[in-house]
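Chain and residue survey
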Amino acid sequence: MELNELQRRVLRLKEEKNALLLVHNYQVPEIQVLADHLGDSLELCREAQGVTDADMIVFCGVDFMAETAAVLNPDKKVVLPSLKARCPMAAMLPVEVIREAKAQHPGAPVVLYVNTLAEAKAEATVTCTSANADKIIRKLGAETVIFGPDRNLAYFVGRRVPGVEIIPVPGDGHCNVHRYIGDGDEAMELKRKHPGAEVWAHPECEPAFQDRADYVLSTGGMVRRARESPADVFIVGTELGLIDRLARENPGKTFLPAKVHAECGAMKRITLENLYAALINEEPVVTVPEDVASGARVAIERMLEMSV
Ligand code: 13P
Ligand code: SF4
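Quick notes on the rules
Residues numbered from 1 in each chain as written. Chains lettered and ligands numbered in written order. Predicted model: local features only at pLDDT ≥ 70, side-chain atom pairs only at ≥ 80, totals over all residues. Heavy atoms only, no water. Near = heavy atom within 4 Å. Polar contact = N/O pair within 3.5 Å; in protein donor to acceptor, adjacent residues only side chain to side chain. Areas by Shrake-Rupley, 256 points an atom, 1.4 Å probe, with all protein chains shown as cover. Nonpolar A, V, L, I, M, F, W, Y, C, P; charged D, E, K, R; others polar. Pairing = 2+ DSSP bridges. Helix = DSSP H or I, 4+ residues; strand = E, 2+ residues; numbered from the N terminus. Axes fitted to C-alpha atoms, helices over the stretch in contact; angles between N-to-C directions. Buried < 20%, exposed > 50% of the residue type's maximum accessible area, 1.4 Å probe, protein only. Right-handed = clockwise from strand over helix to strand, strands pointing away. Salt bridge = Lys/Arg side-chain N within 4 Å of Asp/Glu carboxyl O. Contact = heavy atoms within 4.5 Å.

**A closer look at the site of ligand 1**
Among the 13 residues in the neighbourhood of ligand 1, the closest are listed as His24, Ser41, His202, Glu204 and Thr219. Here an oxygen atom of ligand 1 sits 3.2 Å away from a polar atom, N or O, in the side chain of Ser130. Measuring from an oxygen atom of ligand 1, one finds a side-chain N or O atom of Glu204 at 3.1 Å. Computed on the free molecule, ligand 1 has an accessible area of 300 Å², of which 96% lies beneath the protein chains in the complex. Here the shell around ligand 1 is built from residues that sort into four nonpolar, seven polar and two charged.

Take a look at the structure:
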């Protein structure tokens, strides 16, 4: 893909300022191609761990991702090109709800999806992503686990790690984008037209769709499966930005959205224009107060240790 003038300017500024550009798979393609690292939540968390060879981190993703980078790099400037890039799911779990659940289930570990704000993470035993949630819960070996905020990821984990009682906090935490994909009726209709196609659902999708899909995968899992699978057609049950990446990296294979308008408005708040402005101005900066960050850091670092 030939770069346009603004993309070239972004790359030049990135060099001049020695900035590390971390980009989530749901970002627009013109930003994806500029990334130092393009990935899912877990991969980006790993890349953000103890960054030493860059003077600043610019995160093209949503609030909780930039916060995580700030927690892991307390002395580094972390820039999120738009503070309006806020994940609605991350705002669904207030700290009081976690404390209440802890009081009701004393001793139960608290496993929180990284799609939470730093204050919530500070209450967690360990965080998880959709790529490692089952592994982490299996390793904990607890009978009861307090888990939040995504109800559908809780369902996914319950299926993969039977015998563990999962207490969801809050009762109905969810992602609007994946809920909109629904029970996968359109995906199944597409599968009838393309009988050899693989159907993929993200763990944030509704349980009924997870049950009908051939694979339930994180976005990073989808990237790997696309390379390895012998199939030519894939019906992709997640946010549309990933489809751009899959199509670019797998010429000759066809990727069809499970739902045509499954777009995350929060992710799309980041544009090439505000990325350029953020590099010039070195703001907006995301900071997490150290009293919150220290607790959140323990939970995030524990996740990184447990998921190797
Ligand atoms: P992953 O990229 O980790 O699969 O997560 C998807 C997501 O919704 C991030 O907000
Ligand atoms: Fe949040 Fe859903 Fe957007 Fe992911 S896709 S950032 S969970 S709203």
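**Topic: the sheet that holds strand β8 (residues 165-168)**
Spatial strand order, β6-β5-β7-β8: four strands in an open sheet with parallel pairing. Strands at the two margins of the open sheet, each flanked by one partner only, are β6 (126-128) and β8. The average angle at which neighbouring strand axes cross in this sheet is 30°, direction not considered. In this sheet, β6 lies alongside strand β5 (residues 110-113) in parallel orientation, the contact comprising three bridges. In the sheet register, Val111 faces β6, and the bridge partner there is Val126.

**So, the pairing of strand β11 (residues 233-237)**
Successive side chains on a regular strand alternate, one facing one side of the sheet and the next facing the other. The buried count for β11 comes to five of five residues, which makes it a mostly enclosed element. Of the two faces of β11, both are covered, the one formed by Val233, Ile235 and Gly237 as well as the one formed by Phe234 and Val236. Direction of pairing for strand β9 (residues 198-201) relative to β11: parallel, over a ladder of four bridges. Across the sheet, residue Val199 finds its bridge partner in β11, namely Ile235. Relative to strand β12 (residues 254-257), β11 runs parallel, the two being bridged by four bridges. Directly across from Val233, in β12, lies its bridge partner Thr254. After leaving β11, the chain enters helix α13 (residues 241-249) and then returns to the sheet as β12, a path that is right-handed.

**As for the pattern of salt bridges**
Counted by the stated rule, this structure contains 22 salt bridges. Salt-bridge contacts for Arg179 lead to Glu206; the nearest nitrogen and oxygen are separated by 3.3 Å. In this pair, Arg179 is assigned in helix α9 (residues 176-181) and Glu206 in the loop between β9 and α11 (207-212), connecting sequence segments 27 residues apart. Accessibility expressed as a relative area gives 16% for Glu206, which makes it buried.

**Looking at the sheet that holds β12**
Across the sheet, four strands lie side by side as β10-β9-β11-β12; this open sheet has parallel pairing. What marks the edges here is a single partner per strand, and that holds for β10 (215-216) and β12. Packed onto the sheet, helix α12 (residues 219-228) meets β9, β10, β11 and β12 and runs at close to 165° relative to β9. Each of β9, β11 and β12 is contacted by α13, which is oriented at about 170° to β12, the strand it contacts most.

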